[in-house]
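# Inside the fold
Now for the letters of each chain:
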Amino acid sequence: MTTAVSVPMPVVPRRRRTPEEIAAVPVDGDRKVLLAAPRGYCAGVDRAVVAVEKALEHYGAPVYVRKEIVHNKHVVSTLQEKGAVFVEETDQVPSGALVVFSAHGVSPAVKQSAVDRDLRTIDATCPLVTKVHREAVRFARAGDHILLIGHEGHEEVEGTYGEAPDDTTVVNNPEEARTVEVADPDRLIWLSQTTLSVDETMEIVTILRERFPNLQDPPSDDICYATSNRQAAIKKIAPAADLVIVVGSANSSNSVRLVEVALEYGARAAHRVDFAEQIDESWFEGVATVGVTSGASVPEVLVQRVLSLLAEYGYGDVEEVVTAEEDILFSLPKELRTTLKAAGDASRGLGGRGGRPTA
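First, a word on scope: everything that follows refers to the structure included in this document. Here the structure is a predicted model, which means the values were calculated and not measured. (Residues numbered from 1 in each chain as written. Predicted model: local features only at pLDDT ≥ 70, side-chain atom pairs only at ≥ 80, totals over all residues. Heavy atoms only, no water.)

So, about the overall build of the chain. The number of helices and strands found in the chain is 12 helices and 14 strands. The C-alpha radius of gyration computed for the chain amounts to 23 Å, which stays within 12% of the reference 21 Å derived for 359 residues, consistent with globular compactness. Dimensions of the chain along its principal axes, counting C-alpha atoms only, are 70 × 65 × 55 Å. By residue count, 52% of the 359 residues in the chain fall in the buried class. For the chain, long-range pairs separated by at least 24 residues make up 75% of all intrachain contacts whose partners lie at least 6 apart in sequence. Accessible surface, the chain as shown: approximately 16,300 Å² in total, 51% of it carbon and sulfur. Here the chain contributes 37 positively and 54 negatively charged side chains, and the mean placements of these two sets differ by 4 Å. (Helix = DSSP H or I, 4+ residues; strand = E, 2+ residues; numbered from the N terminus. Rg over C-alpha atoms; globule rule 2.2 N^0.38 Å. Buried < 20%, exposed > 50% of the residue type's maximum accessible area, 1.4 Å probe, protein only. Contact = heavy atoms within 4.5 Å. Areas by Shrake-Rupley, 256 points an atom, 1.4 Å probe, with all protein chains shown as cover. Lys, Arg positive; Asp, Glu negative; His and termini not counted. Charge placed at Lys NZ, Arg CZ, Asp CG, Glu CD.)

Below, the structure is given as structure tokens:
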């Protein structure tokens, strides 16, 4: 008896078109780029990255960093080249060494583990995340239960949850908002991860409030200004865009949200890339208008490389679409400031809408 053998068809590589070929394909209208502003680095990210750079400069390598300092491949690899060592947990740091806590924040348990190992620490938690941590502590002490809207497993959510684990329930999505159970519906407050979709967060809050009418709001917005501003900018661009390119890493929550927002608000297609080299020329079939933006942990140099590639494809006409101006600055972590002052380093306020680093 002969047994049939299935032989898979060989994969024939798709012939990639040259920039000149892409530029020669007819499109309906003039080729142009709508460049979102604000985009890229926010004040908290800039502060965290500079904190690691200054630690390396003043204390020398290695400087250990718990988790990725910010969620961006380019930033992490650049700091590794300078001597930063990224670890998952403090028990991977040699006793007595220096460790930096990432911009996403850590729980009290992580801070205690660093104390137990006699580690020197620099806390680079974004001040806007610290604000949410303080709210969690305050409301838990007051006897309220916290509904924390966010993505379970994300470092920021783990840190906030860790401030009051017995008084906090994580709500990941609208479906969970419809089913979450609470002990006292009259003693509830919602808080959120700072990098969420504004629209989805408010959808979840609406569902929760329908079920729990006495649900309290946080004293001020938890979703950070940078996340809100970048989403507002892409909302304005999306309806006119045949294609939106978001520069940002896959584990960057706010970058991933930008792709979702672009599609929700009318972009025909939207893709996320870490680097210009990941752009697929097949995306440009029939595309006249390209929207470009970047997540809050993305250095401007990566956006400029995307713009350079687009220019090769015939999209050299760039119009910046400005929806907000950002001028927020955050001081460096207190653990660094004394060292910098003693060394005559005048670096204090760092952050804002960032072109750093430029190479």
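Take unusual backbone geometry next. With an omega of 10 degrees, the peptide bond running from Ala 37 to Pro 38 counts as cis. Tracing the chain through its elements places Pro 38 in the loop between β1 (32-37) and α2 (43-59). Here the bond from Ala 61 into Pro 62 is cis, since omega is 0 degrees, no more than 30 degrees from zero. Its identity as a non-glycine residue notwithstanding, Lys 67 has a phi of 65 degrees, on the positive side. By secondary structure assignment, the location of Lys 67 is in the loop between β2 (63-66) and α3 (73-82). Residue Asp 118 is not a glycine yet carries a positive backbone phi of 60 degrees. Tracing the chain through its elements places Asp 118 in the loop between α4 (108-116) and β5 (120-123).

Function cannot be inferred from these measures alone, as they are strictly geometric.
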